Amino acid sequence: MISLTPSLIIEHLYCARYTFYEQVLKVPQYEEKFYKVLKGRELHDRKLEENKPYLRRKIGAVEKWVDQYMTNEFIRGRLDEVLLLSDGTMTPLDYKFAEYDDKVHITYEIQLYCYAWLIEENFQKPVHKGFLVYTRSKNKLVEVPIPPDAKELVKRAAVEIMEIIEHNKYPKGTRQKKKCETCTFRNFCPK
């Protein structure tokens, strides 16, 4: 059985052809070369060491799990922090090497939706919100609602990805052709 990552879900929801090119044709993206990816990994390791307790107190956390690796039947992920809140619910806390620009990017939301799904299945507790820490904005803490339909969105995407991989199915591309302009696969993907 193939185990997916939140990154694969995010890419698939951006355009389903990402799944085909990466997972079926095995075309590499060479993301290692991107500065933000490398800095983000470096920051992740540093933040796990620092563990800002005041952020957890602000959220109302009563228990924490740091650098938590989780799986379910479809996806796997390593969460920066999983927090048990005083109301009995749980939440993911994720550090971002980014500046907060008054909006949460959809990729961050989808990642939190994936984490919520993993937490609910592994801890058997509800997840209604997630938190992001924008490290380049003085550790700004932002709450992100996680409605039930958001978790269903990532579950459906996981099923679609598995179908593409298992059946070598070539999916339709995005309808938003503007996305194609910056796509890694634009040179050989028919528009």
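Every value quoted in this text rests on a predicted model; they were computed, and no experiment measured them.

## Notes on the sheet that holds strand β2 (residues 76-85)
- Pairing is mixed in the open sheet, where five strands are placed in the order β1-β2-β3-β4-β5. Looking at strand neighbours, the two that pair on one side only are β1 (61-71) and β5 (140-145), the edges of this open sheet. Across the sheet, the mean angle separating the axes of adjacent strands is 30° when strand polarity is ignored.
- Pairing of β2 with strand β3 (residues 90-96) involves four bridges; the strand directions are antiparallel. Each bridged residue has a counterpart across the sheet, and for Val82 the counterpart in β3 is Pro92.

## Description of the nonpolar core
- If you look at the biggest cluster of nonpolar residues, it comprises 36 residues, and the most contacted ones within it are Leu4, Ile9 and Ile75.
- Counting residues per element, the ones that place at least two in this core are α1 (6-14), β2, α5 (106-123), β4 (129-134), β5 and α6 (148-167).
- Counting residues per element, this core draws most heavily on α5, at ten residues.
- Among the nonpolar cores identified, the runner-up in size contains ten residues, and Tyr21, Ile164, Phe185 and Cys189 belong to it.

## Topic: the side chain of Asn72
- With respect to the helices, strands and loops of the structure, Asn72 is situated in the loop between β1 and β2.
- From its side chain, Asn72 meets the backbone nitrogen of Phe74 in a polar contact 2.8 Å long.
- A distance of 2.8 Å separates the side chain of Asn72 from the backbone nitrogen of Ile75, its partner in a polar contact.

## Considering the packing of α1 against helix α2 (residues 17-24)
- In the contact formed by α1 and α2, the axes pass within 6 Å of each other and the chain directions differ by 135°. One element, α1, and the other, α2, form an angle in the oblique class. Along its contact with α1, which presents Leu8, Glu11, His12 and Tyr14, the element α2 presents Tyr18, Thr19, Glu22 and Gln23.
- Grouping the constituent residues of the contact of α1 with α2 by class yields three nonpolar, three polar and two charged.

## Describing the pattern of salt bridges
- A complete count under the given rule lists eight salt bridges for this structure.
- The partner of Glu81 in a salt bridge is Arg56, and the shortest N-O contact between them spans 2.7 Å. With a gap of 25 residues between them, Glu81 in strand β2 and Arg56 in helix α4 (residues 53-59) connect regions that are remote in the sequence.
- Residue Glu81 is classed as buried on the basis of its relative accessible area, which comes to 0%.

## Looking at unusual backbone geometry
- Phi is positive for Lys26, which is not a glycine, with a value near 60°.
- Counting through the fold element by element, Lys26 comes out in the loop between α2 and α3 (35-50).
- Overall, Lys26 belongs to the exposed group, its relative accessible area being 56%.
- Its identity as a non-glycine residue notwithstanding, Asn168 has a phi of 50°, on the positive side.
- Within the fold, Asn168 resides in the segment after α6.
- On the basis of relative accessible area, Asn168 is assigned to the exposed category, the value being 52%.

Calculation criteria
Residues numbered from 1 in each chain as written. Predicted model: local features only at pLDDT ≥ 70, side-chain atom pairs only at ≥ 80, totals over all residues. Heavy atoms only, no water. Pairing = 2+ DSSP bridges. Helix = DSSP H or I, 4+ residues; strand = E, 2+ residues; numbered from the N terminus. Axes fitted to C-alpha atoms, helices over the stretch in contact; angles between N-to-C directions. Core = buried A, V, L, I, M, F, W, Y, C linked by side-chain atoms within 4.5 Å. Buried < 20%, exposed > 50% of the residue type's maximum accessible area, 1.4 Å probe, protein only. Polar contact = N/O pair within 3.5 Å; in protein donor to acceptor, adjacent residues only side chain to side chain. Parallel < 35°, antiparallel > 145°, perpendicular 65-115°, else oblique. Contact = heavy atoms within 4.5 Å. Nonpolar A, V, L, I, M, F, W, Y, C, P; charged D, E, K, R; others polar. Salt bridge = Lys/Arg side-chain N within 4 Å of Asp/Glu carboxyl O.

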